[in-house]
Amino acid sequence: MRIEREIGMRSIEKVGRESGHIKREPVSNLLYPSLKSLQFNPKPEVLLLYFQREISGLGDTFDEFNPLVHLRPQMGLLCLSAAARSIGVEAVVLDQRAIQYSLEDIASLVCQHEIRTIGVYSSSMHADTNAKMINRLSAITDGVNIVVGGPGHPNYKLFLENGATIVCHGEGEETFNDIIRKVQCGDLDWSSVDGISYKVSGNVIQNKPRTLIENIDDLPFPVRNYPLPLTTYRDYYLMAYRTPYVTMMTVRGCPYSCTFCYSSAQWNFKVRQRSPENVLEEIDYLVKDYGIKFIDFLDDVFGLTYSWVEEFSRKLIERKYDLTYKALINPNTFASKQAKAIELLSKSGCKILGIGMQTADSGTLELVKRTPMSREKLIEAVANAKRNRILTFVSFIVGFPKEPEDAPEQIMGLIDDARPTLIDCYPLMYIKDTKLAKQVASGELSEAWSHDEAVERADRVKRHFYRSPRNISAILTWVLMNNPGWYLRMLTQWRLLLNIAGFNIFRSKKDARSRYVFTEDTLDENRTF
């Protein structure tokens, strides 16, 4: 495929709340091809759309979105594209953060290539806005099947009422391929497709859940370099980031059942892990074909067991690639073998270790089923990582029901004792259909803090950490010794860095949306490693 480019000053497109038309805000030295400039070969048969949140009219949520700094691939859509290719269908991901287009442009492409199926990514946080975009899209693409999936699927009734043909629930590859096959055959009776909702004569029908894919080694690798070059994407929030980079998953599911998180429920409380051989096969392909330098592993808990990490690390070390990566664990991961596991991760290229602690209050940890967890476990995990020169990033959440007044101070004390390289602290968001959200909705638990209060408490924790000369010195020293090129990009982003650190001098006033509409992908988009 050839992409016709214009080098130099381009623009981010932001579409207003009422229309899909363009309002431009300049960003220097970044290439944004328009949809009309792309030439597809082979021609697309299915479109997979990701609507940029700011484009959807929600710029007041993430004012600091800056694609020069953070533009991460949409893994779910890349997996669907690969699944469609496995049955001989070309499904093209159109990421509106990186490709300039309006809904009218999509309608034109649909007509040009006689496209009959469009997939749309949704999130619960932006369900209302997603629904408006779907409504308008359905109005200008008559006869096209609009299939909605992603974390927003619990809002299926809203999407169906606004013109979606089908909403997919849960794992999407087999479901989406079944839909594609039926559309190709002209069979629009959806009753035999597991894992979907749709409407018949105005009534919403929800089919039985789809059985999860037993062996995820059987899945094709995500499509990485079409229609945009892989180098379109970047993530300077990762202080060890190098280009070109990719995101990757080795696990579907989480072994824990924290009540504030939807991950376990999303995968039917089942954990499936790719074999080390399968993961390394994908890494071989990425290094040899694309020269990948950095991988951001997105697993809730990387590796899961010491035996998996040992095999993966030793075989990756043998390859001697110029490759580094980031992984996530929690303070208990690998149990008594944690020190040895982290040593192996370091030797195989791990530069960033994210550790989810969430809170320092023992009562809150027990309330949200985060036990067994303790201050001592976190301090030990950070120490194990620091001995191996791994940057440690510890995340916390404030605003839980029954959370004591001094919860931020408890976190500050734990941070001072553990001394990680970086921290972040988020206000609690009640994720739709999680146990915690249901407990609050039913009256079993009550909110202890308003959203504004939770934001202030979170910012207080961040300011405590980032006001420390010792902590700032440790950050600067780590970057200087491990990835000095990071400075060239991020020192021009001083406003962003100040807001991330809780010094919200430039943050615009947040809107008053309910705390019950946010999802995990919200936190993921706003993270800083």
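Residues numbered from 1 in each chain as written. Predicted model: local features only at pLDDT ≥ 70, side-chain atom pairs only at ≥ 80, totals over all residues. Heavy atoms only, no water.

K.L.:
What am I meant to see in the packing of aromatic side chains here?
P.N.:
To describe a pair of aromatic rings, one takes the distance between the centres and the angle between the planes. Scanning all chains against the criterion turns up 17 aromatic pairs. Plain terms: the ring middles of Tyr50 and Tyr121 are 5.2 Å apart, the flat faces sit at 50° to each other, and that makes the pair tilted. You can see Tyr50 sitting in strand β3 (residues 46–50) and its partner Tyr121 sitting in strand β6 (residues 117–121), a full 71 residues away along the chain. The two residues Tyr50 and Tyr121 agree in class, both being buried. Grouping aromatic residues by their ring pairs yields a cluster made of Phe297, Phe302, Trp308, Phe312 and Tyr325. Over the face of the ring belonging to Trp449 we find Arg457, whose NZ or CZ atom lies 3.8 Å from the ring centre. (Phe/Tyr/Trp six-rings, centres within 6.5 Å; stacked < 30°, edge-to-face > 60°. Helix = DSSP H or I, 4+ residues; strand = E, 2+ residues; numbered from the N terminus. Buried < 20%, exposed > 50% of the residue type's maximum accessible area, 1.4 Å probe, protein only. Lys NZ or Arg CZ within 6 Å of the ring centre and 35° of its normal.)

K.L.:
Is there a simple way to think about the side chain of Arg252 in this case?
P.N.:
Topologically, Arg252 is positioned in strand β13 (residues 251–252). Judged by its relative accessible area of 12%, Arg252 is buried.

K.L.:
Hey, could you run me through the pairing of strand β19 (residues 422–427) in this one?
P.N.:
Every other side chain in a regular strand lies on the same face of the sheet, so the side chains alternate between the two faces. The buried count for β19 comes to 6 of 6 residues, which makes it a mostly enclosed element. Residues of β19 alternate between two faces, with Leu422, Asp424 and Tyr426 on one and Ile423, Cys425 and Pro427 on the opposite face, all of them buried. Judged from the 6 bridges that link them, strand β18 (residues 391–398) and β19 form a sheet pairing that is parallel. Along β19, the bridge assignment pairs Val398 with Pro427. (Pairing = 2+ DSSP bridges.)

K.L.:
Sorry if this is basic, but what is going on with the confidence of the model for the chain here?
P.N.:
Low pLDDT means the predicted atomic positions in that stretch should not be read closely. With 87% of its residues at a pLDDT of 70 or more, the chain shows a mean pLDDT of 85. Averaged pLDDT values over the elements of the chain bottom out at 30 in strand β1 (residues 10–15) and peak at 98 in helix α8 (residues 306–319). Scored below 50 in pLDDT, residues 1–30 makes 77 contacts in the model with residues more than four places away or belonging to other chains. Low pLDDT (under 50) marks residues 508–529, which in the prediction has 78 contacts with non-local residues, meaning those over four places away or in another chain. (pLDDT = per-residue confidence, 0-100. Contact = heavy atoms within 4.5 Å.)

K.L.:
Can you help me understand helix α13 (residues 435–442) in this one?
P.N.:
Given 3.6 residues to a turn, an α-helix orients residues that are three or four positions apart in the same direction. Taken residue by residue, α13 has Leu436, Ala437, Gln439 and Val440 as its buried positions. Axial view of α13: buried residues confined to an arc of 160°, hence all on one face. For α13, the exposed residues lying more than 90 degrees away from the buried face are Lys438, Ala441 and Ser442. In the stretch just after α13, Gly443 is the one whose phi turns positive, near 90°. (Arc of directions from axis to C-beta.)

K.L.:
Would you explain the nonpolar core in this entry?
P.N.:
Considering soluble globular proteins, one finds that nonpolar side chains tend to be buried as a cluster. Counting residues in hydrophobic clusters, the biggest one holds 113 residues, and the most contacted among them are Leu94, Ile106, Ile283 and Phe312. If we skip the residues at most four places from it in the chain, Ile106 touches Leu35, Leu47, Leu49, Leu94, Tyr101, Ile118 and Leu137. Counting residues in hydrophobic clusters, the runner-up holds 22 residues, among them Ala91, Trp190, Ile196 and Tyr198. (Core = buried A, V, L, I, M, F, W, Y, C linked by side-chain atoms within 4.5 Å.)

K.L.:
For this particular structure, what's the right way to read the environment of Glu403?
P.N.:
Within the secondary structure layout, Glu403 lies in the loop between β18 and α12 (407–418). Considered as a pair, Glu403 and Leu365 are 38 residues apart in the sequence and their alpha carbons are 9.8 Å apart. Residue contacts for Glu403: discarding those within four places in its chain leaves Thr364, Ile397, Val398, Ala448, Trp449 and Arg457. A polar atom in the side chain of Glu403 sits 2.9 Å from the side chain of Arg457. (Polar contact = N/O pair within 3.5 Å; in protein donor to acceptor, adjacent residues only side chain to side chain.)

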